[in-house]
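Letter by letter, the chains look like this.
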Amino acid sequence: MKTILLLNGPNLNMLGTREPDKYGTTTLQTIVDRITEKARAEGYKLLAFQSNSEGEIISFIHHEGQKASGILINAGAYTHTSIAIRDALLAVGTPFVEIHLSNVYARESFRHHSYLADKAIGVITGFGDFSYDLGLQAIVHYLRRTSHEK
């Protein structure tokens, strides 16, 4: 079965309790369970990973990225700081969609720059946990349209 990776960066393990006014009350596990089922219905296996460590995220991308058809990534704050995660994504060459729960452009100016966006096939921001559903729809549509599936 074809695989889509779902990568979540720092502090996303705290969803459900972390700043619910910005990020909602849905837990990351609830999101992963929902997106896993939706991916399965589309004919994909979803492999989810979360880490607060930049190095662990990079190692996961190196290990799993080339085998996957596509990647959904919410790099959290690393979106705005990590050239290394950008380089890892480029190294594996797997198409990816960048996801954010909050509208980063309605927040602090330092969140307006992404080291990933210019290499992503698209960016979804500001729809709360529904951003993950939209990201899955986007990557599946892209993979089917372009025949990039592995």
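Here the structure is a predicted model, which is why all the values come from computation and not from measurement. (Residues numbered from 1 in each chain as written. Predicted model: local features only at pLDDT ≥ 70, side-chain atom pairs only at ≥ 80, totals over all residues. Heavy atoms only, no water.)

**Q** Just give me the short version of the pattern of salt bridges, but keep the residues and values in it.
**A** Counted according to the given criterion, the structure contains 8 salt bridges. A salt bridge links aspartate 133 to arginine 34, with the nearest nitrogen and oxygen atoms 2.7 Å apart. Separated by 99 residues along the polypeptide, aspartate 133 in helix α5 (residues 130–146) and arginine 34 in helix α2 (residues 28–41) bring together distant segments of the chain. With its nearest N and O atoms 2.7 Å apart, the salt bridge here joins aspartate 133 to lysine 38. (Salt bridge = Lys/Arg side-chain N within 4 Å of Asp/Glu carboxyl O. Helix = DSSP H or I, 4+ residues; strand = E, 2+ residues; numbered from the N terminus.)

**Q** So what's going on with the nonpolar core? Which residues, and what values?
**A** In this structure, Ile4, Leu15, Leu72, Tyr132, Leu136 and Ile139 are the most contacted members of the largest nonpolar core, which totals 23 residues. Of all elements in the fold, only β1 (2–8), α2, β2 (44–50), β4 (96–100) and α5 reach the threshold of two or more residues within this core. The leading source of residues in this core is α5, at 6 residues. Leave out the neighbours within four places in its chain, and isoleucine 139 touches Ile4, Gly70, Ile71, Leu72, Pro95, Phe96, Val97 and Ile121. Residues Leu5, Tyr78, Ala88 and Leu89 belong to the second largest nonpolar core, which totals 18 residues. (Core = buried A, V, L, I, M, F, W, Y, C linked by side-chain atoms within 4.5 Å. Buried < 20%, exposed > 50% of the residue type's maximum accessible area, 1.4 Å probe, protein only. Contact = heavy atoms within 4.5 Å.)

**Q** Got a sec to walk through the packing of aromatic side chains? Specific residues and values, please.
**A** The final tally for this structure, using the stated rule, is 1 aromatic pair. Residues phenylalanine 49 and phenylalanine 60 carry aromatic rings whose centres are separated by 4.3 Å and whose planes lie at 5° to one another, so their mutual orientation is stacked. Highlighted residues: phenylalanine 49 in strand β2 and phenylalanine 60 in helix α3 (residues 54–64), separated in sequence by 11 residues. Taking NZ or CZ as reference, lysine 2 lies 5.2 Å from the ring centre of tyrosine 44, over its face. (Phe/Tyr/Trp six-rings, centres within 6.5 Å; stacked < 30°, edge-to-face > 60°. Lys NZ or Arg CZ within 6 Å of the ring centre and 35° of its normal.)

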